[in-house]
Every structure is written in C-alpha cells, then in structure tokens.
Amino acid sequence: KPCSLPQTMLAIPLLLLLVPGLILYPQQAGDGLDEAALERMQQRAEYLNQQMTRLIQELEQMKQEQKSSAGNEAKEGYNTAKEEVNQDEKAGEANAAGNTEDNQEKANRKDDNHNAKRKLGSRLEEHMHLPVLDLDKGCQLIMDLMDKLTHIFGQGLSNGFYPVPQQAVGVGSAFEGWSPGRAQDVVYRVLVPLSPPPGHAFHLELDAAGMLQRNFCVRVELLCTCTRERLGEDMLCFLHHPEEELRRRQDPSLLHTLCTGSYLDVEKTVHWFYGFVRVAWLLLPQSRHWRLTLQPCSRSCKFQLRKDKESFTAEMIFAVRQGDSDIFVCSQPAEAGIPSTRWPETYAVAEANFFRHISRQAPQDSCHCKCLQLLTGFLMGVGFSSYALKTVVMHLLNTVPLTQWRRRDFGQRLMDILKYLRCSLDTKQLLHFVVGNASFPMEISLPSGFRVAEAPNLFEHLASSPNAHRKAVQEYNCLLDRLKQLPIHGH
C-alpha cells in the first residue's frame, strides 16, 4: 500500500539531528582570509551556535508539552531514528493517559503547541543557510539562446530534409526551482522536440515492454508529396521519382542521412546538431560577449557559456513527442550501452509542468523547493538518487494541502519527506508519480491510458534482491548519520 503520513510532528529527536544543518549549511570558504575576516567569521559562528542552543531548548520544551499517540509502524532494530520516534510517542501517550485537564485546557494547550511549531518552523527557515542560486537568470539566458538557435535552425533547414527542432522546453531541477549544490555545478537541461521534415513521418514503436522505463524506436516513413509538387512547391516526391533524378535535383531524404535502416539514429542526430550549433553560434549576438565551449557527448549536446566570472552549463536533449501529450521519447539514455536506435521514454516535461502547476497555486513562501534543495544536497555520496527523493516530494505535494507548505511548515515537511522515504524502504515500494497516477493534474496532457496504467515501482530492485534492500537500509542510516554529523561551525 502507498505510504500515508499523519499531519502531526513525526519525530522531535530526528529534528534535533537536523538542526545543525538547518542553521549552518556547509559553505565554501576562500583561501587567504585576513585576520579581520577570520575574526568576523568566528564571531558569526559563535552567534549562530548560541542561536542553535536556543532552538534546541525550544525543542526540548516543545517535546515536554507535546502529546502524541503511540505509533506501531516501527520494526524492531530497523534503525535508531525510528526507535527514537517510538520512545517519544510512548512518552506522550503515558503523559496523555495521566492528564485530567478539561476540554478547554486541552484546547489552550493545543493552541500553544501549534503556535510553538509555527514559531520554530519560521526560525528554522530563517537560520537555514542554503547556497543562493540565481536559477532564474540562468534559465532565462539559456531559453533566450535556445529561441535564437531554433530560429536559425528553421532558416538553415528550410531546404533540407533533416529533423525540424521546435521550441525548447526547460526541464530538470534548475527549471523546477530546486537545483542542489553550488551555482557552478548546476546544469540547465532543455528538451528540444523534433518534427519530421516535409515528405516524412515519425512513428513510435515500443521496443521493450515491462521495463521500468520503456524504450521506443522512431521509424521514419516517406510520404507521397506529388500533390504538393503539382501545386508548384519546389520538392520532388521521394516515392514517385526515379532515384537518379532525386540525387541530381534534391537533397537526400532523412532515411539516407540520420537513420540506421528505417529508424532515426540518436547518435547520428546528436552529431549532426552538434556541428550545426558550432556554426549557428557565430551568427548569434551572444557570441560577441560569451564564449561557447562544446562538450562531446554521444546522446546529447552539452555546452558551457563563459563571460568574465560567470559560467553556465547547458544540455540539449532531443526528443519526439507522443501525440500531443507532454510525454516524449528522448535521446538521453536510461542506461549505458543501449542501441543508438532506441529512444527512452521521458516524463521530464510532465514533471516540470507539474512543478509549474504547483508554483502557480502554492503560497508565495512555499518551502517545497527548499526542502528538495536541502535534502538532495545531503544525498551526495549516498545511494539514493535525487529522482527518488523528488518522487517522494511530488507525491506529498499531491496529497498534503499546499497551504501546509508555507515557510512556517518547513520543519514538519522535512519530517514528512524523511518518513515517506523510510516507509517506502520498509514496504520496498515507491510508485512512479506520473505513470499510473489517477490524481495527476488533468491540466497536464498525458497519453490515453497513462493515468490508469499500472504504476512502475521505483524500488522494485529492492523487492527482488534482499542484498539490495539491506544495502539501501544501510545507506538510509548513512544519510541520517550525515545529518547528525554536520559540523557546527561549517568545518
């Protein structure tokens, strides 16, 4: 069964483990600091340490006042964090059993606890130091560049028979607003939909069913254009003109350039666009101020823009749309070594549109992106992927009212995310968010049957391998240890 979460505070002791990280997120210090700078840093560290001590005292006071029912979710020996949760819940149950306050006094106490949680959540958020990323600037720069490149593509490809790029779509964490890590590590990913050239059609053929991420082949079909030819268009029909005449008077069809057999080849397509970007860049106004460095990649087009001390890394992923939906097949591989004629199915556009959908409806001070940024930063070197954590957050965004994701709810939502992840480990089940989700927003277009399909289990490998599950539990405990061991002074 999918994990369900109570709306009460899950674990005060676990929140205590998070406090150092919320107050002092590790910062990168420069070399060669003078004595005055070092003294200011030391004073700042002492001040923040005092703030942390006061927060801990508030937490301890709140823990004494809290009355929570006992939980039966923990399994013996599962992990130390779960044991702490149960200990606190049992203590709360014992206090509640001996409590003889009348209803009015209970209501007053409940209000006091609620106000304390609101105050604590606000203060935690105030003292949290996450890397400040100007994602909007990078997104705007990259999308402006892509619009200009698409325009040049359209002009340069008007007389040829190559795939026609459409308006790019920003996808991934940067365009969703929560990219972890430092600014120089952010990759701005854009998905470039490809349409067939004149006289051609694309047909998607499922290559392998029953996989966690499906793969397709893009079959290229030649269409009759005799009618267009009779209307005076400067194009010969590939189906009804002799090959010799076609070779003499017209560029070759897509089947003879970027295909392997009858199927669009990912690596040939990427290699061709790679060369086109190199030439098109010289025609762009950005080339007078920015330096473009192309990075070789067989299944996407990665490049870096530099100007003075600014640097942005972008990745173009090519794709073919499924019908008129927000689901595509793309050039980016799901796994290494797949044939160059396979295009994996991607849900990146639907997920990016989901985050845009949430941002339009959520309160202005919503903390969902900060939760993701903080926790995915802790995942460095840990076996859980940021996609699994993002999936957890998307499920919670779809079930917990958006009014409960405000700044004051930051600590509570962090607890919910960690518990959902732990519960998914316990059940060895983390359901895909887009496929098989009947409550996925109807405003986002999906192929017919997507919402009622069987949802893939992202943790299926844990259910089929005891060793993998054991390792995953160990890695979750490692994540908790990293939270506990965050240095107080950022060393």
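Residues numbered from 1 in each chain as written. Predicted model: local features only at pLDDT ≥ 70, side-chain atom pairs only at ≥ 80, totals over all residues. Heavy atoms only, no water.

J.: An account of the overall build of the protein is needed here, citing residue identities and associated values.
T.: Looking only at helices and strands, the protein features 15 helices and 12 strands. Here the protein holds 491 residues, and 48% of them are scored as buried. Sequence separation of 24 or more characterises 68% of the internal contacts of the protein that already satisfy a separation of 6 or more. About 24,800 Å² of surface is accessible on the protein, with carbon and sulfur atoms providing 48% of the total. (Helix = DSSP H or I, 4+ residues; strand = E, 2+ residues; numbered from the N terminus. Buried < 20%, exposed > 50% of the residue type's maximum accessible area, 1.4 Å probe, protein only. Contact = heavy atoms within 4.5 Å. Areas by Shrake-Rupley, 256 points an atom, 1.4 Å probe, with all protein chains shown as cover.)

J.: Quick rundown of the packing of aromatic side chains? Include the residues and the values.
T.: Counted according to the given criterion, the structure contains 15 aromatic pairs. Here the aromatic rings of Phe161 and Phe238 are separated by 5.0 Å at their centres, their planes lie at 80 degrees, and the arrangement is edge-to-face. Here Phe161 is found in the loop between α5 (135-156) and β1 (164-165), whereas its partner Phe238 is found in the loop between α7 (226-230) and α8 (243-249), with 77 residues between them in sequence. Judged by relative accessible area, Phe161 falls into the buried class, the value being 6%. For Phe238, a relative accessible area of 12% puts it in the buried group. Plain terms: the ring middles of Phe354 and Phe440 are 6.2 Å apart, the flat faces sit at 25 degrees to each other, and that makes the pair stacked. Within this pair, whereas Phe354 is found in helix α10 (residues 348-361), its partner Phe440 is found in the loop between α13 (410-427) and α14 (460-464), the two being separated by 86 residues in sequence. In terms of burial, Phe354 and Phe440 fall into one category: buried. Site record: aromatic cluster; members linked through ring pairs are Phe153, Tyr162, Trp272, Phe273, Phe276 and Phe318. Its end group placed over the ring of Trp405, Arg413 keeps NZ or CZ at 5.8 Å from the ring centre. (Phe/Tyr/Trp six-rings, centres within 6.5 Å; stacked < 30°, edge-to-face > 60°. Lys NZ or Arg CZ within 6 Å of the ring centre and 35° of its normal.)

J.: Please give an account of the environment of Leu292 that cites residues and values.
T.: Relative to the elements of secondary structure, Leu292 occurs in strand β8 (residues 291-295). Between the C-alpha atom of Leu292 and that of Lys307, which follows or precedes it by 15 residues, the distance is 9.4 Å. In this structure, Leu292 is in contact with Val277, Trp281, Phe303, Gln304 and Leu305, ignoring residues within four places of it in sequence.

J.: A description of the side chain of Thr225 should follow, citing residues and the corresponding values.
T.: Residue placement: Thr225 occurs in the loop between β5 (215-222) and α7. Here Thr225 falls in the buried class, since its relative accessible area comes to 3%. If sequence neighbours within four positions are ignored, Thr225 has contacts with Gly199, Met235, Leu236 and Cys237.

J.: Would you mind going over the pairing of strand β9 (residues 301-307) in detail, with residue names and values included?
T.: By the bridge criterion, 5 bridges tie β8 to β9 in an arrangement that is antiparallel. Looking at β9, one finds that Arg291 is bridged to Arg306. Taking the residues between adjacent antiparallel strands as the criterion, β8 and β9 are bridged by 5 residues. As paired elements, β9 and strand β10 (residues 310-321) share 7 bridges and run antiparallel to each other. When the sheet's bridge partners are listed, Leu305 is paired in β10 with Phe312. The hairpin turn running from β9 into β10, its antiparallel successor, is 2 residues long, and Asp308 in that turn takes a positive phi close to 55 degrees. (Pairing = 2+ DSSP bridges.)

J.: An account of the packing of α10 against helix α12 (residues 386-399) is needed here, citing residue identities and associated values.
T.: Running from N to C, α10 and α12 point in directions that differ by 40 degrees, and their axes come no closer than 12 Å. Considering the angle they form, α10 stands oblique to α12. Taken as a pair, α10 and α12 cross one another with a handedness that is left-handed. Contacts between α10 and α12 pair Glu351, Phe354, Phe355 and Ile358 from the former with Tyr387, Lys390, Met394, Leu397 and Asn398 from the latter. The residue makeup of the contact of α10 with α12, split by class, is 6 nonpolar, 1 polar and 2 charged. (Axes fitted to C-alpha atoms, helices over the stretch in contact; angles between N-to-C directions. Parallel < 35°, antiparallel > 145°, perpendicular 65-115°, else oblique. Left-handed = near helix turned anticlockwise from the far one by under 90°. Nonpolar A, V, L, I, M, F, W, Y, C, P; charged D, E, K, R; others polar.)

J.: Which residues make up α13, and what values do they have?
T.: Between the first and last C-alpha of α13 there are 26 Å, a value that for 18 residues agrees with the 26 Å anticipated at 1.5 Å per step. For α13, the buried fraction is high: 15 of the 18 residues fall into the buried class. Downstream of α13 by a residue or two, Lys428 has a phi angle that is positive, lying close to 55 degrees. (Expected span 1.5 Å × (residues − 1).)

J.: How would you summarise the pattern of salt bridges if you had to cite specific residues and measurements?
T.: Once the charged atoms of two side chains with opposite charge are near each other, the side chains can pair. A complete count under the given rule lists 13 salt bridges for this structure. Among the charged side chains, a salt-bridge network with shared partners connects Glu176, Glu351 and Lys390. (Salt bridge = Lys/Arg side-chain N within 4 Å of Asp/Glu carboxyl O.)

J.: Quick one: what's the story with unusual backbone geometry, residue by residue and with numbers?
T.: One can expect most non-glycine residues to show negative phi and most peptide bonds to be in trans. Phi is positive for Asp308, close to 55 degrees, though the residue is something other than glycine. Its location among the elements puts Asp308 in the loop between β9 and β10. Phi at Lys428 takes a positive value of approximately 55 degrees, unusual for a residue other than glycine. Its place among the elements puts Lys428 in the loop between α13 and α14. By relative accessible area, which is 29% here, Lys428 ends up partly exposed.

J.: Now, about the state of the cysteines: what can you tell me, with residues and values included?
T.: For the coordinates displayed, the defined rule picks out 0 disulfides. Cys224 forms no disulfide, and the closest cysteine sulfur to it belongs to Cys226, at a distance of 3.6 Å. The class of Cys224 is partly exposed, set by a relative accessible area of 45%. (Disulfide = S-S within 2.5 Å.)

J.: So what's going on with the confidence of the model for the protein? Which residues, and what values?
T.: Overall, the prediction assigns the protein a mean pLDDT of 77, with 68% of residues at 70 or greater. Ranking the elements of the protein by mean pLDDT puts helix α1 (residues 12-23) last, at 37, and strand β7 (residues 263-264) first, at 98. Counting contacts from residues 66-102, a segment whose pLDDT is below 50, to residues more than four positions away or on other chains yields 50 contacts. The low-confidence segment residues 119-127 (pLDDT under 50) makes 30 contacts with residues lying over four places distant or belonging to another chain. (pLDDT = per-residue confidence, 0-100.)

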